[in-house]
Structure formats: structure tokens, C-alpha cells
Amino acid sequence: MTDALSVSIPALLKKTEHYDKDERYMATSDLCEVLKRHQQQYGSNPGADADNAAMATLDTSTERSICKAVLNLLHDKSHDVQAVAVKTLSVLLITVQEELVLEIEDSLTDQVLDASKTELRDVYAIGLRTLVKTVPASMGNKVAEKLVSRILERGVKSEDEEIILACFDILTDLLQRFGGSAASVVKQHEPILQTCLKQLSESPYPVARKRAGTTMACLSVVLSDALLMRMVESLLSQIDMAQGVGKVGRRKTRSAHSAAGTMPSQKNADTRALIRTMCAVSGQVGHRLGQQQIDRILPIFLRFTDPEDAVTGDDDDEDQDMDEGTDVAMDSDNRGDAATALANELRESCFMGFESFVRSCPNEVEPHLEKIIQAALAYTAYDPNYSYGSDEVVVEQEDAEDDYDDEDNDYDDEEDDEDDDDDESWKVRRSAIRALKAVVQSKKHDPSALWTTQYAVRCGKTARVSEAVVGRFKEREENCRVEIIECFTLLLDETIQAAQAGVISFAGQNEMDTSNSSVVDIDVRKEYAPKLVKACEKVLGVKKGNERSKSSALALLSTLSKAPGGVGGQSEISSVFQHLRTLLSGSSDGNSHREGTSKALRLDGLSLVHAMLTSTNLDPIHVRTGLRTLLPEVCQAVKEQWYKIIAEALRAIAAVPKYFVVGYASDADTTTKKNEGKVVADMLYEAIEPLLAAYDVDQEIKECALLACGSLLSSLHGSLDKPKQDRLLQLLLERLKNETTRIAAIKTIAVVAAASRDDSMDDTRMDLSSILADSISVMASFMKYASRSLKQTALEALDIIVINHGSHPILTDGTLFSSLLQDIASLIVDSDLHLCHLSLRVCISVLQVCPEAGTAAKAHCLEPALALSKSSLLQDHALESVLELFQQMVASQAATFSDLLFLLRQRVDDKISRHGIYNIAKCIAVILLVAPPADREKELNEIIALLEHSVASSEVRQVQLSLLITGDLGRMLNLGEVDGATDRLKTVYFMYFDASVEELKSAAAYSLGNACVGSQDTFLPTIVSKLDEDNMKQQYLLLSALREFIQCSSRVSNGVSLASSVQMILIPLEKYCGTEEESVRTMVAECMGSLSCVQPETMLSKLADIQRSHASFSAPDGYLPEDDEVSKKNSHVCWTVATCVKLAIAGKVDSSQLTVHMPTYVQLLKQKELGVRHAALLMVYAAAKAMPKTISSLLQGEIVPALYEISDLKLERKVDLGPFTHKVDDALPLRKVTLSIFATCLETLPQSMDVPGFIPILIKALADAEDIQLHAHQVVISMISQHPTYIAASIDTFVEPLEKTLNKKPGQKAGTELERLNDWIKSAVRVILALQSLEGTMNSRVFADFVGRVKGNAKFQTIIESLQEEQR
């Protein structure tokens, strides 16, 4: 390579001096490629050996020759040669030595600053900017040192405008790359700031002032807080001296200055640059501005956007003339077109600033938000040169027929007039609308104020944001019209999401739910839907152009379909469908070529069709009526060339069939229904069949065709001829056998098989006999495949097919089912319980529809099910399926009761787990339930006899099993039906309460509670009376039995059977609330928590009363006095109440009832005793996680202040461990839960969280104990996506705690402790990398230096590489 370079480079350098410009161009281009290959081979390989490193460096003379030649080429007369020379320069700068880079910099700087180099200055400036952007980072400090000084001393002080502009461009690039990392630039921050401020205020060149503002915006990112505040104050002080714009603005400005004893001195032309700069700065570092700066900035900006100056063409003549008549004495720059244009630019810049501030610091802007909204609403209508006429021009058209042939050119003509007049007031309107969109975005968690609050606009008029935006749909300029429509779409979408979260509601949505009267009702259906549809229709009615407006209107209607009431009634739906037909066909008559409308617009139209057809907010009858005209165009759309349009059309087609089943009145003519169904079914068939049969189409089209086919066969199969049905079914079978479409085909077959008679027009089920056997066989074969998703989908479909079509004559012999059961038997294992559950469901369904398959079920599935029954992993749905399978086997005589009982008992041995023996007991109980009564009674008596006489330790497992069987059977059956069984069992249960084996005690308590469900009158009084005896040994077991009874009763009868017994149960529970034994209190809490779920009104009120009556106790420093028994009892009661409420929340107690009493419960956070406080925190955490609405109104007033206090709480004490002492922090568990509550509220109650106030808490958590730090790391990563602005604003504060974590020394740690430390450090590095990726964080010098230190430390390289690999 070196030899090749020595030969090629001199030759190329010689050619760069050739007289022919083409030769020079080619030579320079070749030189660039040679240098690039050289750099790629050597320069980019940090691991190269010494020989390669030597080869990587060109000799000094060659480097100097190349540099000289490239610099000379920058002077070339050919622009093409100059361009390729600049490209070569970018490669050269990372190839040659530092000394030559600095020489190149000096040479280019000289050329830029030379006033005589006018013609080539742009080329030199581009070269110098290229140097700044491409020079190695290690050279940044040296490159910037001389460059900044020369620019400040000579460049920006020049009288040549081009030199000034070039210098500011270079300075901007320099600040972007090295502004915070190069020490030489950091030292020059203040001089750069002063230079820019001077240019802004004194430069005679408007463009230079604009470039200085751009440079200041880049500078603000890297400035210290002190210099940033100085910059902002300097800008605002100059803006504050500006003359106002508009009649009212100037009057208020004069009044303000008169009161202050000053006079406006800043011309509006200069103010424009200042405001633009302030907006640019706020866009870059708005999050760093505090409340004081925001309070200073916004009132000044609002002076330039006074609502009263937002004149319109519809104002009275005298109002429009007042501006000129009252200010004739003003300076000449306030009159004429130039003054108007200048005022508009100022207003546009101010609204851009509002948008930036609202997005970057919404909390600080909140006090000024009302005035910003007023100004934005006023200026969305600011159009002084055009009269729109009546405000109701868009909506009052109901008495006349819409004639779009006459109106469709309105927008085009208006825009042509606007272009002719060169009216730029639309820019003000656009910026005002964008500011309003930012407001809508900031209110996304609770947008109710934007629908209900009346804002003063101008001339004494008021308006709500929602209605004002709808009123501006008549906007004549498309850029503004698109923004207006998108603004309302955003507002509507955010409102729908807020309604789903329960923050607000739509009128008529929850007519029966009056539990929360504080929720705002918004009536979109009556107040807005008709207006929106009319406005969108006018936009869609334009024949040519306005595609962006049409697309926005379609998106709005799609969003409106999600709201209650949708787009409206019959007339609105038909009208929208008519416009969609026109859109899809390309003309109003539907006959012209469809290329008349763009593909994107047709796709948007089909998306709206799909949204309306899948909406549940529209009347099916109205939809069906409108579909008759639209459906042909939708079916025609599947013949398009673009796959997205075809797929969307198929999705829309899939939603059609149901409307021709449910879309008729009850008295509709049957013949008409059948005829219409026949026409529609044939039309859909012609659209679907070719695509379903095609193999050379996109995968999305194949899946959508299957979706449409399933819908057609489910609802309209009776309207299809038999050959067409068979054709579609055969195509489904082909798709089932195809690897790429089999999962989608399985789902389609399942949909068709699951369709009930009610889903079909002719009340019949689809006949699948032609593919039934083949489809079952194919899906059964999938059980041998490795794909879990395939097996899961196939099992779900098989269960549906067997249930709905398993009794078909072709399947009754059981042969096919036998093969199926053999295939699924291998999945009945505990390694994948979900697949196991699905397999068991198929087996159960087969036994239910085909008892003849019982032999096969016993041969293939019984043994795996028996093995599964003793598994310690068996639970939930899989357990329920095993129980039902055994029950079905006995019921269908696939296995006899005695045989199955013997096999189950055999599974009990000394190695069986506790969970396994409980499961075996449930299995035996369910087969006893379906056994013949005589066999059941005999077996029960034998079990009781065994329990009465068994004392041998070798029989513990059998005794435990027998106890559990009686309990599980008693839960499902009234044991009183067996003569003497209940009396004998009561004696047995209490006898085993005194057993020496804990397993038998627990089994006895479990069985007593479960038996009580079926024989409540017998067992419950006994449990309550025993609790009254104060038998300390049996308290826990009795409460455990009571808990089992309450929980089982709530599952079996939804607590109905408990209603009459609540008061009886509460007596012993309340008695043991304050016991000192925590396990007993926990059991009491579980009982009361379960009762609260079934009797919420009674129990929650009772708990609140209990808490209030025991709220008085003293716990100085968090600990109870040893001799204060009253305080101890009261604290124990409060602990029980908090735990009970937590468990009730976990059990899904009625949230409306809980909300009423939650203010009482959260008072426990104020208690100082650590146990009570911890229980209260866990209660709040449970509420924040599962029922956030219950605490949303209490968060800031009651909960957060307590959390702030607890987050600072530390209670450290030393524990003497003999040879050494150990420090224990009793407040650590409280701080853990506190952080968990904050993290959860950020997700579930973001609108109620004070994020800036939480940041300091998070910083403290990053420096807390290890467990808290790890959790805090997760919170930071979560907040980076949810609240990036606040994280970026506080980035410097993250450095210290993270650096301390990284510098943790392992000391003597080894094994698990060392692994934990490494995981701890890795978690911190993950946070650092996540913060680094957040926009704006690397502009902080403190954080950027910290990241540099971390990445430069070899100790962390392996961790960083592994994390980066994880992200890939």
C-alpha cells in the first residue's frame, strides 16, 4: 500500500495543476478516494500494530504537498473542482498530522477574513466549517483556541456583512461540536456572549442579527447557569424597551413605560431579532429556565400578541380604522405594509416562543396559560384582509341541499387571492394554532378545561377552546386549515384517552354511573359531531387539490368514530359514505379513473371506512343503509396495485358482513334481507376469492384476505351458493397447509367454526364437513412442531372446532379423535402450563361430544394427567382443566370411579410436595362429586373412620390427604346430607388442631373453612364460638379456617351467602385486631379484606370507624414506649386496618366505595410508629398500582407531603453482634416503599404528580442503600421516555450519586456479594448510557465530562460493550 501511495499521490498532485478543469476534477476526486482508502485501512484501526501504524502515516513532505494542493484547489475557477476539493479536505483533516491541520486552519481563516476575497469567501467558509466538523475530537481544543480569538477580534467586528455572516456560521458549528468540551472555547463563553448581544442590538444588517441569534441559541446550551441568566436578562431588558404592535399593544406598552418612568426606545425591526433569539434560546434550554425567568418572559411576549389587536375582515369598519386614527403621531415604521409585515413577524415569533415554553416547561407556564390560550384563540382568526361572513357559514346548511359542484373551488380561489395579495397573516395564524396544539398536548391527562372553560377572546367575546377550533375549520389557507384540523383531532384523541382513564366522561356514556359526580361530562355527540361532519364534508367536497386538508379531515372522522355517538346518525353516516365513494372512485359520478385521487388519500379513505365499520358507537341499521352505495367502491379497491390499499380494503370488507345480519329492524322483510344478503355476499366473494387464491401477493394481503374470508363465511355463508362455499373452504385448507399462512388460516377456521347461529343471516351454522376431517388432522400434526405459537393457535382452534362441530356424523366413530388425543398427549406436562391447559381443554371437549373416544383418552391422556396432578407447579387454569378432565372421564365412563380413585391415591408418597398433595385432594374430591351417591357416601365414611382412628406417624400423608378431601368435597357439597358426617368431622377437625404435625394442623384448618361453605349453618357458629373461648393455641388456625370460608364463599356465590353472617363474623375479628401476635393480625386482616370485597359498604365504613377510634397513640422517634399498652394496642389495630385495606384493594374491592373512605385511611401516613407507617405506605402503593383513581384527589394534599418527609427519614442504630457491631436503618423499608409509590404514580397518575418536586427525591435515592439505588436506576430509565424534559433539566445532579456508585470498591467481597456489586455497577452504567442518549444531556459540561471519564476507564469497557450488545 505504501508503494502504491508513493507512486499514485505525486501523479495525482501533478494532475491537479492541469489546465483542463475536468482533469483537475478527476485528479482531486481520485486523490480523495486514495486518502479515504488509506484512512479506512490504517487510521480507523486502533488496534493496529507498530508496523501498520508507521504505514498509516504519510511522510511529512507528502502530507504538506497534499495540503498545499487541496488549498490551492479551493481557489479554482471551477465550482465543481471547488466542491470536490472541500470533500477531499474533510478526509485530509483526519489523515494528516496535527501541525498541518492547524496550518490549514490558519490559511482558511486568513482567506475568510480577507476582505478582498469576496468571490471565493463562501468556499473558504465551507472549508473552515468542514474542518470544524471533521477534525478529530482530540484536536478540538487547539483548533478552537486560535479560531475563536480571531473570529472575535477580527471577524465579527468587520464592516463587511459577508465576513460577519461567515464568522457566525463558523462560530455556531464550533459551539455545537466543542462548546462544552474544549477548554479554550469554555473560556471564551462570556466574550462570545457579549459579541452576539452587541451584534443583536447594534448591527445594521438584519441577516447578521439573525445569525447572531442562532449562535446565541447554540451558546445557551453550553453556558453556565449564571451566564445563561445574564443572557436571558439582557435579551428581555432590550425586548422590554420595544415599541408595541397594534393599537392595544402600543397603548399598553406606553402605559407600562409611563408607570416606570421610561420611554420605548427599541425599534420593532430590532425587536424581531431579539424575540426570535429568545425563542431559539427557549427552544434549546427552556427546561433550564426557572419560574422567575418564565414570569419575566411571558408577559413581555403577551404584549405583542394582545387579543384585541387580532383584527379580522369581519370586524366593523370603524374598528379597523381605529389603529391608524389613534396613532398618526407614531414613527413611520408603524405605518404601511412594512409595519404590518414586521408586526406579523413579531407575533409569529412570540407564538413560536409560547409553543416552545409550553412544551419544555409546562409547570412554570401554568400561571400564564390562560392568557396564552386567549391570545392563541384570538390570533387563530387573525385575517384582516378577508371576510368569512357569518360565523355559522360552515354548519348552517341543513335546510339546503349541499351542492359541492358549485362550492368545490372555494378554497382554491381563496388561496389564489391570497397569493395575489401576498398576505402573510396566515403565518401568524399557523403559529398561534401550533401554540394551541402545544397547550392541548400539555393538558392530555385532563383536557376537560379545554372543553368547558370560557376564555375571553376579544371585543367582549368568549369561547371555549373546542368550539373556537371547530369554528376555524373554514380557514382559507391550507397550511392553517391542516393545523386546525390536526389540533382538534389531537384534542379529541386525548379526550377519548382521558375518558378511558376515567378522568372525564362523554355525555351519555355512563348514564347509570353517578358514583363520581366530579367527573366532567362532555357532549361530543350533540354539540360537536354534526358540526365536525359538515366541516369535513366541505373539505372533502373540493374536487382538486387540498389533499393535506382532506387527509386531516379523514383522520379527524376516524378519531370521531371512537367517541360515543361516532360521526352521528343516518344522514351523517350516509353523507360521509357518499364522500368516501367519491374519493375512492375519483369523481362524483364514480365512473372516472381512480388515479384522479392520490394513493395516500385513498388509503386514508379506506382507513376511515374501516374505523367506522369497526366502531361500536354507530347504529348498525344506519351503517348498513349507507354501505349499499359505498360497498362497490370498497370492493373495487382490492384491484389496486399498491399492497397497502388492497390490505386496508380487505380489512374494511372483513367488517361488512355483520351489518347485513344485525343491521335490520326487527320487522324487516325477510325476502328483502335475503336478496340483499345474496347481492352483498356475491360482491364480497368476487373481491376476496382471487386474493385468497393468489400466491404471488404480499403477506399482509394474504392475512387480510383470510380475515375477510372468515367474516364472510361466519355471517353470510347462507347467502353464498354451495360451490362458492366449497371453493372458499378448499382455499382455507390450502392456506392451512402453507407454512407462511397457516397461523392466519387456523385463526380464520376458528372464527368460522365458532360463529353461532345468531351470527348468521339465515340462523344456521356453517357446514365445515368438506374440510373438517382434513383440518383437524393437519392441526393435530402441528403438535409435533417446535413453534409454540403455532401449537397454541392450533389447540385453541381445535377446542372450538370440537365443541361446535365435534358431533358431526363423520367424526362420531372416534377414530380421528383418537389420533388427535395421541398427538396432544405429549403436551400434558408441567413445563408449559398454558399449552398443557389448552391440550386438556381439547381432551375434555372430545369426551363431551364423543364418549366413544373415552378409550383413547384413557390410553393416551390419563397417565400424563395423573403425573401432572402431583406436580408442585400445577395451578390456575391448568389445575382447573385437570379437575374437569377427571370429572369428565368419570361422567363419560372413560374410567371408573374406583379405578381413578385408586390411581390418584397411588400418587401420594413421602416425596410428594405440599402443593402436590393439595392438588391430589382436589382431584379426588371432584370425582367423588360425580360418583354414584352410594359410592360417595361409602368412601366418605371410610375417610372419616380413617381420620378418627389414625395415629401412626407413617400415615401422616394419608391422613393429610383425607382431611383435605373432606374439605374440598364439603366446599362443593353439603356434607349434612350424609348421616352424622358433619358432627364427626367437627370432632375430627378440632382434634387435629392439637396434632403435633404442622401439616395436619394446616390441613384441618383448610378443610374446616372449606367444609363451612357447603354446611355453613353447621360449621360457622362453631368457628365463631371457638374464637370467643380465647384459646391462644387455636386462634391462628380458627382464623385461617374463617379466611378460607370467606374467600371460598366469595368465589362460589359472590358473597351472597355471607351477607347474613357478616355481623357474627365481625365480632371475633374486631376482638383480635389489636393482638400482639403479628401472624394473627395478618390473618384478621385477610379475613376483613376478603369481607370488604363482598360487603364493601359495610366493611369499609366499619374499618374507618375502627381506625378513628384507635388513632390516638404516641410513638416518639418511630418507636412505641415499652410500658404504654394502650398505644401498643391502638398501633396494632391501625396496622391491621391498613393491611386489611391493602388486601381489599388486591381483591378488587369496589373502588367507588373505597374512594369515599380513602381520606380517612391515608391519615395513617401521619402516624410516627414505623410498623403503622410501613403498612400505610403499602396500602397507598397498592392503591396507586391497582386503583389510582381512589387516591388521585389526595395525592398532592395528603400523600406527597408525607412521602417527602419519609424519603428523608433515617433511623440508624447499632446492633451488637459480639466481635463486631452492625448498623441497621429501621427506616430503610419505608424509603423503599416510598420510592415505589412515586414510581407507580408517575405511570398511573402522571397528571397529579409534581415531577420537578420528585427529582430531588430521586437524586437522594440514587445515593441511598443498594436496593433503593437499583430501583432508582429503573425509575430514571423509565422517566427518560416519560418525562425527558425534567431529566434533561436536572442532568448535572445525577453525576455525583452515579459516580459514587461506579467508584464502589469490592474490598473483601467475593462470590455472591461480588456479583451483586458488579450488577449494581452495571445498572449504574446502564443509566448513564440511557441518559447520554437523551437529547440535550451531553450539552452539560459536567455530565459530558463524566461520560467521557466513564467511557475512558478501561474498568467499564466490558460492561459498556455488553450493554450495547443487549440493545442491539
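Here the structure is a predicted model, which is why all the values come from computation and not from measurement.

## Considerations on the overall build of the protein chain
Scanning the protein chain for helices and strands turns up 69 helices and six strands. The buried share among the 1368 residues of the protein chain stands at 53%. The long-range fraction of contacts in the protein chain, counting pairs at least 24 apart against all pairs at least 6 apart in sequence, stands at 74%. Surface exposure of the protein chain reaches about 58700 Å², of which carbon and sulfur atoms provide 48%.

## Focus: the pattern of salt bridges
Evaluation of the coordinates by the stated rule reveals 52 salt bridges. Measuring nitrogen to oxygen at the nearest pair gives 3.3 Å for the salt bridge that ties lysine 1102 to glutamate 1070. Here lysine 1102 is found in helix H56 (residues 1096-1109), whereas its partner glutamate 1070 is found in helix H54 (residues 1062-1071), with 32 residues between them in sequence. Across the salt bridge formed by aspartate 1225 and arginine 1231, the nearest N and O atoms sit 2.8 Å from each other.

## Some words on the side chain of glutamate 939
With respect to the helices and strands, the residue glutamate 939 is situated in helix H48 (residues 933-949). Residues in contact with glutamate 939, not counting those within four places in the same chain, are Leu901, Arg905 and Leu928.

## With respect to helix H68 (residues 1341-1352)
The terminal C-alpha atoms of H68 lie 16 Å apart, and with twelve residues this matches the ideal 16 Å at 1.5 Å per residue to within 8%. Buried within H68 are the following residues: Phe1343, Ala1344, Phe1346, Val1347 and Val1350. For H68, the angular spread of the buried residues around the axis is 160°, confining them to a single face. In this structure, the buried side of H68 is in contact with helix H66 (1295-1302), helix H67 (1312-1333) and helix H69 (1357-1367).

## Concerning the pairing of strand E6 (residues 1221-1225)
Where strand E5 (residues 1212-1216) and E6 come together, five bridges link them in antiparallel fashion. Across the sheet, the residue bridging to arginine 1213 is valine 1224, located in E6. Counted between consecutive antiparallel strands, the loop separating E5 from E6 contains four residues, among which glycine 1218 sits at a positive phi close to 85°.

## Some thoughts on the packing of aromatic side chains
The final tally for this structure, using the stated rule, is 16 aromatic pairs. Their ring planes at 70° and their centres at 5.1 Å tell us that tyrosine 918 and tyrosine 1006 sit as a pair that is edge-to-face. Taken together, the residues tyrosine 918 in helix H47 (residues 914-930) and tyrosine 1006 in helix H51 (residues 998-1014) connect sequence positions 88 residues apart. Pair check on accessibility: tyrosine 918 and tyrosine 1006 agree, each one buried. Among the aromatic residues, those joined into a cluster by ring pairs are Phe301, Phe351, Phe354, Phe357, Tyr379 and Tyr382. A cation over a ring is seen here: arginine 624 above tyrosine 664, with NZ or CZ 4.2 Å from the ring centre. Seen from the ring of tyrosine 695, arginine 735 lies directly overhead, with NZ or CZ sitting 4.7 Å from the centre.

## Considerations on the side chain of glutamate 676
As for its placement among the helices and strands, glutamate 676 is situated in helix H35 (residues 670-693). Glutamate 676 has contacts with Arg624, Arg628, Phe660 and Tyr664, leaving out every residue within four places of it along the chain.

## What about the state of the cysteines?
Throughout this description, disulfide means a covalent bond between two cysteine sulfur atoms. Under the counting rule described, the total for this entry stands at zero disulfides. With no disulfide partner, cysteine 350 has as its closest neighbouring cysteine sulfur the one in cysteine 279, 6.3 Å distant.

## Section: the environment of threonine 16
Take threonine 16: it is sitting in the loop between helix H1 (2-15) and helix H2 (21-43). For threonine 16, a relative accessible area of 6% translates into the label buried. Once the C-alpha coordinates of threonine 16 and alanine 69 are considered, the two residues, 53 residues apart in sequence, prove to be 7.2 Å apart. Aside from chain neighbours lying at most four places away, what touches threonine 16 is Arg24, Ala27, Thr28, Ala69 and Leu73.

## Examining the environment of glutamine 1035
By secondary structure assignment, the location of glutamine 1035 is in helix H53 (residues 1035-1053). It is 9.7 Å that separates the C-alpha atoms of glutamine 1035 and methionine 1083, two residues lying 48 residues apart in sequence. What glutamine 1035 contacts, discounting residues up to four positions off in sequence, is Leu1027, Tyr1072 and Val1080. Engagement of the side chain of glutamine 1035 in a polar contact is seen with the side chain of tyrosine 1072, the distance being 3.5 Å.

## Focus on helix H46 (residues 897-906)
Listed in full, the buried residues belonging to H46 are Phe897, Leu900, Leu901 and Leu904. One side of H46 carries all its buried residues, which in axial view fall inside an arc of 100°. Exposed residues lying more than 90 degrees from the buried face of H46 are Phe902 and Gln906. Looking at the packing, one finds that the buried side of H46 touches helix H44 (862-869), helix H45 (876-891), H47 and H48.

## A closer look at the packing of helix H41 (residues 815-824) against helix H42 (residues 833-849)
What describes two packed helices is the angle between their axes and the distance between those same axes. At a minimum axis separation of 10 Å, H41 and H42 run at an interaxial angle of 160°. In terms of axis orientation, H41 runs roughly antiparallel to H42. Classified by chirality, the crossing of H42 by H41 is left-handed. Every residue of H42 that contacts H41 at Phe817, Leu820, Leu821 and Ile824 is listed here: Ser839, Val842, Cys843, Val846 and Val849. Residues belonging to the contact of H41 with H42 are distributed by class as follows: eight nonpolar, one polar and no charged.

## Thoughts on the packing of helix H59 (residues 1170-1186) against helix H62 (residues 1228-1244)
Contact geometry for H59 and H62: axes closest at 9 Å, N-to-C directions at 20°. Of the possible angle classes, the one that applies to H59 and H62 is roughly parallel. As for the relative orientation of H59 and H62, their crossing is left-handed in sense. Residues Leu1170, Arg1173, His1174, Leu1177, Leu1178, Val1180, Tyr1181, Ala1184 and Lys1185 of H59 form the contact with H62, whose own contacting residues are Pro1229, Leu1230, Val1233, Thr1234, Ser1236, Ile1237, Thr1240, Cys1241 and Thr1244.

## Observations concerning the confidence of the model for the protein chain
Averaged over all residues, the pLDDT of the protein chain is 82; the fraction at 70 or higher stands at 87%. Predicted confidence in the protein chain is weakest over helix H3 (residues 50-56), with a mean pLDDT of 38, and strongest over H42, with 94. This stretch, residues 317-335, has a pLDDT under 50; its non-local contacts, to residues over four places away or in other chains, come to 25 contacts. Low pLDDT (under 50) marks residues 510-517, which in the prediction has two contacts with non-local residues, meaning those over four places away or in another chain.

## Structural notes on unusual backbone geometry
A positive phi angle, near 50°, is found at aspartate 876, a position not held by glycine. Mapping aspartate 876 onto the fold places it in helix H45. For glutamine 893, which is not glycine, the phi dihedral falls at a positive 65°. Mapping glutamine 893 onto the fold places it in the loop between H45 and H46. Of the residues examined, glutamine 893 reaches a relative accessible area of 70% and is grouped as exposed.

## Comments concerning the environment of glutamate 161
Locating glutamate 161 in the fold gives a position in helix H9 (residues 161-178). Between the C-alpha atoms of glutamate 161 and serine 203, which are 42 residues apart in sequence, the distance is 9.5 Å. Look past the residues within four positions of glutamate 161 in its chain and what remains in contact with it is Tyr205 and Val207.

## Some thoughts on a negative patch on the surface
Together, Glu1076, Glu1077, Glu1078, Asp1123 and Glu1125 make up a region of like negative charge exposed at the surface. If you trace the backbone, aspartate 1123 turns up in the loop between H56 and helix H57 (1125-1146).

Parameters and conventions
Residues numbered from 1 in each chain as written. Predicted model: local features only at pLDDT ≥ 70, side-chain atom pairs only at ≥ 80, totals over all residues. Heavy atoms only, no water. Helix = DSSP H or I, 4+ residues; strand = E, 2+ residues; numbered from the N terminus. Buried < 20%, exposed > 50% of the residue type's maximum accessible area, 1.4 Å probe, protein only. Contact = heavy atoms within 4.5 Å. Areas by Shrake-Rupley, 256 points an atom, 1.4 Å probe, with all protein chains shown as cover. Salt bridge = Lys/Arg side-chain N within 4 Å of Asp/Glu carboxyl O. Expected span 1.5 Å × (residues − 1). Arc of directions from axis to C-beta. Pairing = 2+ DSSP bridges. Phe/Tyr/Trp six-rings, centres within 6.5 Å; stacked < 30°, edge-to-face > 60°. Lys NZ or Arg CZ within 6 Å of the ring centre and 35° of its normal. Disulfide = S-S within 2.5 Å. Polar contact = N/O pair within 3.5 Å; in protein donor to acceptor, adjacent residues only side chain to side chain. Axes fitted to C-alpha atoms, helices over the stretch in contact; angles between N-to-C directions. Parallel < 35°, antiparallel > 145°, perpendicular 65-115°, else oblique. Left-handed = near helix turned anticlockwise from the far one by under 90°. Nonpolar A, V, L, I, M, F, W, Y, C, P; charged D, E, K, R; others polar. pLDDT = per-residue confidence, 0-100. Patch = residues over 30% accessible without salt bridge, like charges linked within 9 Å, V, L, I, M, F, W, Y side chains within 5 Å. Lys, Arg positive; Asp, Glu negative; His and termini not counted. Charge placed at Lys NZ, Arg CZ, Asp CG, Glu CD.

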